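The chain contents come next:
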Amino acid sequence: YLLGYFSLDQIKSPQWFLPSLMLTLIRPTMFPVLRNEDLKEMLESNKESLKLEAMKRVVGLIAKGKNASELFPAVVKNVASKNIELKKLVYVYLVRYAEEQQDLALLSISTFQRALKDPNQFIRASALRVLSSIRVPIIVPIMMLAIKEAAADLSPYVRKTSAHAIQKLFSLDPDQKEQLIEVIEKLLKDKSTLVAGSVVMAFEEVCPDRIDLIHKNYRKLCNLLVDVEEWGQVVIISMLTRYARTQFTSPWKEGAVFDENNEKTFYDSDSEEKKGQIEAKPYIMDPDHRLLLRNTKPLLQSRNTAVVMSVAQLYWHLAPKHEVSIVTKSLVRLLRSHREVQYIVLQNIATMSIQRKGMFEPFMKSFYVRSTDATHIKTLKLEILTNLANEANISTILREFQTYVKSQDKAFAAATIQAIGRCATNISEVTDTCLNGLVLLLSNRDETVVAESVVVIKKLLQTQPTQHSEIIKHMAKLFDNITVPMARASILWLMGEYCERVPKIAPDVLRKMAKTFTIEEDIVKLQTVNLAAKLYLTNSKQTKLLTQYILNLGKYDQNYDIRDRTRFIRQLIVPSEKNGALNKYARRILLAPKPAPVLESAFKDRDRYQLGTLSHSLNIKATGYQELSDWPAVAPDQSVRNVEVIEPVRNLPSSHTSSYLLACLF
């Protein structure tokens, strides 16, 4: 029993062991686990210390995820306590359970209203938080009045809480939208960094289309951005990204010349050579556009990965192309974070690397796969390395891929083979090298590697089939040893598509398939029927009987797709009185030249979603996603963002001037 708590060496030393043993034995009695009945007694006692201790334990239970709703009547009695610490804990409890115990919470609503006038700002904020957590339509007018009062509170913490309450009230009663917009408009003018993030979040929830509310506050938000708390920064950057896309012209215009200073040099002023270029006006970035880019740049050093990702997407969607590379180092730095962060960052880098390979090419080694990486991280790194491949670095990347193919992670090894196939199609100089390497993999012991190699070779052979009839023969020899259905189906498709190049081998493969047709997978059966039809048209002397046998087997197959395909093929290739017209076109239908498949990145179309969003991560439009608008052809009036600064003028009597100056000094 003792060895469960102490090591043998510790037991042998009595001067250490005896005190430790005593502590172990008395520990359960020092901190007893109290039942709900005991906690109720403590909460209903007359001693403040007992109540406080009970509330600490109750909040501790909530923090551990345990249900403490039975204690609601006993807790709510202490809402009017004069002890500040106790009252704070009671409000924490009520925020958690007010929605579940609405009837009991409504009984204390007058107490919450009184607490809204409490001298302590934390009590005022907690009371508003509890009030907005009671989801009962009857108290909507009371909540609205409380939010309006809190929005004018002297404490920025209370004003921040009122911004949070706006979202709760809007979800409870959307009809209050107009009144809530008035409160949001008032809070947007707030100069406190504590309030900024919360009110912008309320703006995004209640009225994201009311861009006119942002005009006068745009510059203030840009300047406050660095000092706002981190999650507020994320919300503000997201909102300002959408705002900028509606108010500024595109910096990505072809042939645009950046001339932000718009100042002519002395010698250029009268130059005749420049007169012909007046038609192509230089791009002059709006000062407010530049203000946003300049004020978000320091946030790339933030410790919060969400902030860095938000700034990266802002630069991606708003900055001139030659400035986007600023975000590269910061994104690569995030790859040292947890795997959950790595997954999102790598997804965004994969999208970015398709359009602008040069951004991440200097950091290619950062995307090399580590043995400790999870499979989904490995696959994303593989995707990025494939996107970065070009004539200069392909030899290095292929050497890296050779190592990956030997991985014990079968899914990753299969993804590597697909990546080699993409490199072969994108870079013609290495197509033959990649193809020969994939053929060598056909002798691999691992079925998954062999199967994936067959599928990729099939796609590569479609690009240049005339040069590689030997490879097709080699794959036919390996056919008996391959058991993966997709790989067997790929080989059968190759045999049928290029049956005229292997006239002796293709009929023999069909003969073997006739023996095992009934036990094959459905995808293999379909390709067997196709092979039989193509051989019937090109080599009917050898394969006529085999084809009829296979069509008869397919006619009575359990799968209706195979029965349907069999009937169609029979009517198409076997001449009869009914289908004489269709039979003439059988060769043109079945043996028509087919375009080679294009091996593309899975992230090619993800740029239609804003980077860093849930929709981009899932590649599906998520609920609540707001699309970025296209750049306006002509910039809207920029004077809407001008704010009149009225400085108060003090007219002091001359007799009081000296005393006023002394007061200012001291």
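Now for a quick tour of the structure. Since the structure is predicted, the reported quantities are computational estimates derived from the model, not experimental observations.

Calculation criteria
- Residues numbered from 1 in each chain as written.
- Predicted model: local features only at pLDDT ≥ 70, side-chain atom pairs only at ≥ 80, totals over all residues.
- Heavy atoms only, no water.
- Helix = DSSP H or I, 4+ residues; strand = E, 2+ residues; numbered from the N terminus.
- Buried < 20%, exposed > 50% of the residue type's maximum accessible area, 1.4 Å probe, protein only.
- Areas by Shrake-Rupley, 256 points an atom, 1.4 Å probe, with all protein chains shown as cover.
- Expected span 1.5 Å × (residues − 1).
- Contact = heavy atoms within 4.5 Å.
- Polar contact = N/O pair within 3.5 Å; in protein donor to acceptor, adjacent residues only side chain to side chain.
- Patch = residues over 30% accessible without salt bridge, like charges linked within 9 Å, V, L, I, M, F, W, Y side chains within 5 Å.
- Salt bridge = Lys/Arg side-chain N within 4 Å of Asp/Glu carboxyl O.
- Lys, Arg positive; Asp, Glu negative; His and termini not counted.
- Charge placed at Lys NZ, Arg CZ, Asp CG, Glu CD.
- Axes fitted to C-alpha atoms, helices over the stretch in contact; angles between N-to-C directions.
- Parallel < 35°, antiparallel > 145°, perpendicular 65-115°, else oblique.
- Nonpolar A, V, L, I, M, F, W, Y, C, P; charged D, E, K, R; others polar.
- Phe/Tyr/Trp six-rings, centres within 6.5 Å; stacked < 30°, edge-to-face > 60°.
- Lys NZ or Arg CZ within 6 Å of the ring centre and 35° of its normal.
- Core = buried A, V, L, I, M, F, W, Y, C linked by side-chain atoms within 4.5 Å.
- Domains from an automatic or database assignment.

Here we come to the overall build of the protein chain. Helices and strands together make up the secondary structure of the protein chain, namely 36 helices and 0 strands. Looking at the protein chain residue by residue over its 666 residues, the buried ones come to 48%. Just so you have it, the protein chain exposes about 36,600 Å², and 53% of that area is on carbon and sulfur atoms.

Let's shift gears to helix α11 (residues 156-172). Taking 1.5 Å per residue, 17 residues should reach 24 Å; α11 reaches 25 Å between its end C-alpha atoms and fits that length. For α11, the complete set of buried residues consists of Val158, Arg159, Lys160, Thr161, Ser162, Ala163, Ala165, Ile166, Leu169, Phe170 and Leu172. Each element contacted by the buried residues of α11 is listed here: α9 (121-133), α10 (140-151), α12 (177-188) and α13 (193-206). Here α11 starts with a cap whose side-chain oxygen sits 3.2 Å from the backbone nitrogen of Tyr157, and that cap is Ser155.

Here Asp288 is to be found in helix α17 (residues 287-296). The buried category is assigned to Asp288, whose relative accessible area is 5%. For the pair formed by Asp288 and Cys222, sequence separation is 66 residues and the distance between their alpha carbons is 9.0 Å. Setting aside residues up to four positions removed in sequence, Asp288 forms contacts with Tyr218, Arg219, Phe248 and Arg641. A polar contact of 2.6 Å, which involves the side chain of Asp288, links it to the side chain of Arg641.

Glancing now at a nonpolar patch on the surface. On the surface, a nonpolar cluster with roughly 280 Å² of combined accessible area is contributed by Leu582, Tyr585 and Ile589. Counting through the fold element by element, Leu582 comes out in helix α33 (residues 580-583).

So, on to unusual backbone geometry. At Asn619, a residue that is not glycine, the phi angle is positive and equals roughly 60°. Secondary-structure assignment places Asn619 in the loop between α35 (614-618) and α36 (657-665). Residue classification places Asn619 among the partly exposed residues on the basis of a relative accessible area of 26%.

Moving on to a negative patch on the surface. A contiguous patch of negative charge, built from Glu521, Asp522, Asp561 and Asp564, is present on the exposed surface. Its location among the elements puts Asp522 in helix α30 (residues 522-538).

Right, let's get into the packing of helix α16 (residues 230-247) against helix α18 (residues 305-318). Orientation of α16 relative to α18, taken along the N-to-C sense of each, is 10°, at an axis distance of 9 Å. The pairing of α16 with α18 is recorded here as roughly parallel in orientation. Contacts between α16 and α18 involve Glu230, Trp231, Gln233, Val234, Ile237, Ser238, Thr241, Ala244 and Arg245 from the first element and Ala306, Val307, Ser310, Val311, Gln313, Leu314, His317 and Leu318 from the second. Classifying every residue of the contact of α16 with α18 by side-chain character gives 9 nonpolar, 6 polar and 2 charged.

Looking at where Glu520 falls in the secondary structure, it is placed in the loop between α29 (505-516) and α30. Relative accessible area serves as the criterion here: at 13%, Glu520 is assigned to the buried category. Polar side-chain contacts of Glu520 include one of 3.0 Å to the side chain of Thr516. In contact with Glu520, not counting residues within four places along its chain, are Arg488, Met513 and Lys525.

With that out of the way, let us pick up the packing of aromatic side chains. The final tally for this structure, using the stated rule, is 12 aromatic pairs. Taking the centre distance of 5.6 Å and the plane angle of 85° together, the rings of Trp252 and Trp631 count as edge-to-face. Of the two residues, Trp252 is situated in the loop between α16 and α17 and Trp631 in the loop between α35 and α36; the sequence distance between them amounts to 379 residues. Since its relative accessible area comes to 14%, Trp631 is described here as buried. Across from the ring centre of Tyr97, 4.5 Å away, lies the NZ or CZ of Arg96, which sits over that ring. Geometry around Phe517 places Lys525 over its ring, the cationic atom sitting 5.9 Å from the centre.

Okay, the pattern of salt bridges next. Where charged atoms from two side chains of opposite charge come close, those side chains can pair. Evaluation of the coordinates by the stated rule reveals 28 salt bridges. A salt bridge links Glu497 to Lys534; the shortest N-O distance between them is 3.2 Å. Taken together, the residues span a long stretch of sequence, with Glu497 in helix α28 (residues 485-497) and Lys534 in helix α30 at a distance of 37 residues. Judged by its relative accessible area of 16%, Glu497 falls in the buried class. Its relative accessible area of 6% is what places Lys534 among the buried residues. Linking Arg511 and Asp508 is a salt bridge whose minimum nitrogen-to-oxygen distance equals 2.7 Å. Of this pair, Arg511 and Asp508 both sit in helix α29, 3 residues apart, which is roughly one turn of the helix.

It is worth spelling out the environment of Leu335 at this point. Residue placement: Leu335 occurs in the loop between α19 (328-333) and α20 (339-355). Assessed through its relative accessible area of 10%, Leu335 is described here as buried. When the C-alpha positions of Leu335 and Phe367 are compared, they lie 8.8 Å apart, and in sequence the two are 32 residues distant. Those residues in contact with Leu335, other than ones at most four positions away along the chain, are Gln342, Val345, Leu346, Ser366 and Phe367.

Moving on, we get to the nonpolar core. In this structure, Tyr93, Leu94, Leu331, Phe367 and Phe401 are the most contacted members of the largest nonpolar core, which totals 198 residues. Domain assignment of the residues forming this core places at least three in each of domain 1 (1-100) and domain 2 (470-594). Once residues within four sequence positions are removed from consideration, Leu331 is found in contact with Met309, Ala312, Val345, Ile349, Met352 and Phe360.

In short, the description is geometric, and any link to function would need to be established separately.
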